[in-house]
Each structure stands twice: as C-alpha cells, then as structure tokens.
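# Summary of structural features
Listed below are the residues making up each chain.
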Amino acid sequence: MSPALLTGSAPTRARFSFEVFPARSGAAALALGHAVQHLSAAGPDFISVTYGANGSNRDASVDLLKYLRDHTDALPLAHLTTVGEDRETVRAAIHSIMDAGVHDFLALRGDPPRGRTEADPEVAGSLSALELVELVAEARAERPALTSVGRTSVAAYPNGHPLSRSRSEDIDWLVAKQEAGAQFAITQLFFRAEEYLSFVSDAQRAGLRIPVLPGLMPVATSGQLRKVAELAGRPAPAELTRELDEAGGYAPELGVEHTVELASELLAGGAPSVHLYTFNRHERVLAVLRDLDLLTPDPLR
Ligand code: FAD
C-alpha cells in the first residue's frame, strides 16, 4: 500500500488494488494463475484474497496468498473471518497466515455459513471484526521482529450493514474499528458515487481518519448485477439494468463503462484509490484502469 493512502495525503496519481478468490477447480486455478500475473504486472498496491466463512476454504486461501507472494510482485492481503470459530482457532489461523509470509489482513466477522442465519447462536456469538483487529495486533506483538510489518484493514458499508439499525451505528462501529487499530477500510459494493462520498464525509465528521477505499466491480452479466444490488442494499441503476437486458444479459463493456464513470466521480470527490473486485478475471478491471488513465501499458500483452 502506498504511504499516501495511509497518511491520507493526496497521491500524485490515483492508486488501485484488486480482490481475487481461491479457484474452485484445477482448470479455474490455471486461469487464475494467468489472471494474477496480469493483475500483478499492473502494479497494484495489493491483491486481496477472500476467505470462506467457517474457515471453509482456508487452505485454498493460504495457497493462493503463497502463490501471490512467491510468483508475483504484488503484496498479498489476507481476508480473515471469525464466524463459527473460537478464539484459539482464529489465533492459529492468523499465525499460519503469518508463517506463510503474509502480514496484511482484512479483518472480518464473515458471512453466516450456508444454511445458517444471523440469529444462529454460532453466528451471533462469533468474534466481531473489532475483536479480530485486536487479535491480529496481539499476534503481531507475539512476533516482536515483525511488529512493524503488515497492516490491518476492515470492511465499511456506505449503504449500511444489514445488522446495523442506522447510519450512525455503522459509522460508530467503523470508528471503533479504527480505534482498535485498523489502518484503512474497504467498502462493500455500491453503484452511486454519492453513496460513498456522503458516507465518508459523515464518518470523518464523527472522527474517522483512516482512508476508505471504495470497492467497485465491473459486472458482465445481469446475474452479477443482481448480486451486486443485493450486496449494495440498493437497486441497480435502471439504465444499466435495461441496457444489459437488451444485450441479452451479457455485455462486459457496459460494466466497464459504468465502473469508469463511477470511479472518475469518486476520485474527483477525494477517494484515495479504487479497490476492484476482479471476479478472477483481469481483462475488465484492466480496461477500467486503462480508461481512467491509471495504467501504463500492460507489460504482459
Ligand atoms: P463487523 O464489522 O463485526 O459487523 C458488521 C456490522 O454489524 C457493523 O458495520 C455494524 O453495523 C454491526 N455491528 C456488529 N457488531 C456491532 C456492535 N457491537 N455495535 C454496533 N454495531 C455492530 N465475508 C466472508 O465470509 N469472506 C470474505 O472474504 C469477505 N470479504 C469481504 C470484503 C469486503 C471488502 C466486505 C465489505 C465484506 C466482505 N465479506 C466477506 C462479508 C462480511 O464478512 C459480511 O458482510 C459480514 O456480515 C460482516 O462482516 P464485518 O467484518 O463487516 O463485521
């Protein structure tokens, strides 16, 4: 991560980072290896790797983090969740990720595992993201030689998390994660610049000082658009929905166009960088960065 993002001072050129998830088959793993080479060659601040609820794909996440560390120039950042696991298991997971040479974390509570709901005692009783930030700090302290290595980030929800009753509760919770030691935040997906900009400005008025990276995904299909709307907690823009439907439900160029417009507004409004959800493909996110003029020509092309 560039120092400018951490201090909040304006970088000369906007920066970017990527999210990938572990492949679910051998063929997908080969394609992912190819994609991360292109993503890494673009020079991101970091590439984050998702983590399955309940530690369900923990080994695959750690393998992908190691692959990034050993075979690319990108800084790997590990998502880590607590849901359904006790404190000692989570502590062991932090140490095994650090043993793999990865020291940057996105500390999350995690989604309820398949078949469980928020009301399930196993889910409701999980350590919160705030407690995980503290646990990561404790684990770092147990490795004195490495205390200055690695950073902890947390999730933020511009349109509110389903568990929160109000924007102020979401903001208070984010500020509490900052006070526990989080050094930057990454947002849930959203469609409109105003949703991010007003959230960040309200949060800053409430004491937030850490950078908030907007999370964006260039969708290619109507199905992806519906999924993003679900995560965003807001309907997708009517025009994008209609145009995708008219194109037969598949039009990657429309997702790129929408993401470029959104990112331009966000960066003009003061966003420190953009965090792109890649869906394990490099073409669309690199097209977005190229159109934003944030990319030197892809050296692998
Ligand atoms: P928390 O910050 O602990 O809580 C979420 C919200 O609940 C808070 O914003 C707040 O509104 C409310 N809340 C909780 N506790 C309190 C409290 N004590 N007081 C007041 N309010 C409270 N899930 C995965 O399973 N794997 C992943 O890899 C993954 N990656 C993600 C990456 C990003 C960028 C984002 C935004 C989400 C990701 N998620 C992932 C989903 C996330 O784990 C879920 O949204 C989960 O429901 C909440 O996790 P959290 O870390 O935000 O939890």
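These lines cover the structure that appears in this document, whether it is placed above or below. In this text the structure is predicted, and so the values were computed from the model without any measurement.

A separate point is the site of the ligand. In the vicinity of the ligand there are 26 residues, among which Y51, R109, Y157, W173 and K177 approach most closely. At 3.0 Å, a backbone N or O of G110 approaches an oxygen atom of the ligand. For the ligand, whose unbound accessible area comes to 980 Å², protein coverage reaches 84%. For the shell around the ligand, the secondary structure elements donating two or more residues are strand 3 (76-81), strand 4 (104-108), helix 7 (167-179) and strand 6 (184-187). By residue number, the principal contributor to the shell around the ligand is helix 7, which donates four residues. A class-by-class count of the residues in the shell around the ligand yields twelve nonpolar, nine polar and five charged.

Here N159 shows up in the loop between strand 5 (152-156) and helix 7. Only 3.1 Å separates the side chain of N159 from the backbone oxygen of A232, close enough to count as a polar contact. In this structure, N159 is in contact with F190, E195, A232 and R234, ignoring residues within four places of it in sequence.

With that settled, consider the sheet that holds strand 1 (residues 15-20). With parallel pairing, the nine strands of this open sheet are ordered in space as 7-6-5-4-3-2-1-9-8. Across the chains shown, the open sheet's two edge strands, defined by having one partner strand only, are strand 7 (212-213) and strand 8 (215-216). Bridge count for strand 4 against strand 5 is three bridges, and the pairing is parallel. Bridge pairing in strand 5 places L106 opposite S153. In the packing of helix 2 (residues 26-41) onto the sheet, the strands contacted are strand 1 and strand 2 (47-49), and the crossing angle to strand 1 comes to about 170°. The strands that helix 4 (residues 87-99) touches are strand 3 and strand 4; relative to strand 3, the one it contacts most, it runs at about 170°.

Rules of the game
Residues numbered from 1 in each chain as written. Predicted model: local features only at pLDDT ≥ 70, side-chain atom pairs only at ≥ 80, totals over all residues. Heavy atoms only, no water. Near = heavy atom within 4 Å. Polar contact = N/O pair within 3.5 Å; in protein donor to acceptor, adjacent residues only side chain to side chain. Areas by Shrake-Rupley, 256 points an atom, 1.4 Å probe, with all protein chains shown as cover. Helix = DSSP H or I, 4+ residues; strand = E, 2+ residues; numbered from the N terminus. Nonpolar A, V, L, I, M, F, W, Y, C, P; charged D, E, K, R; others polar. Contact = heavy atoms within 4.5 Å. Pairing = 2+ DSSP bridges. Axes fitted to C-alpha atoms, helices over the stretch in contact; angles between N-to-C directions.

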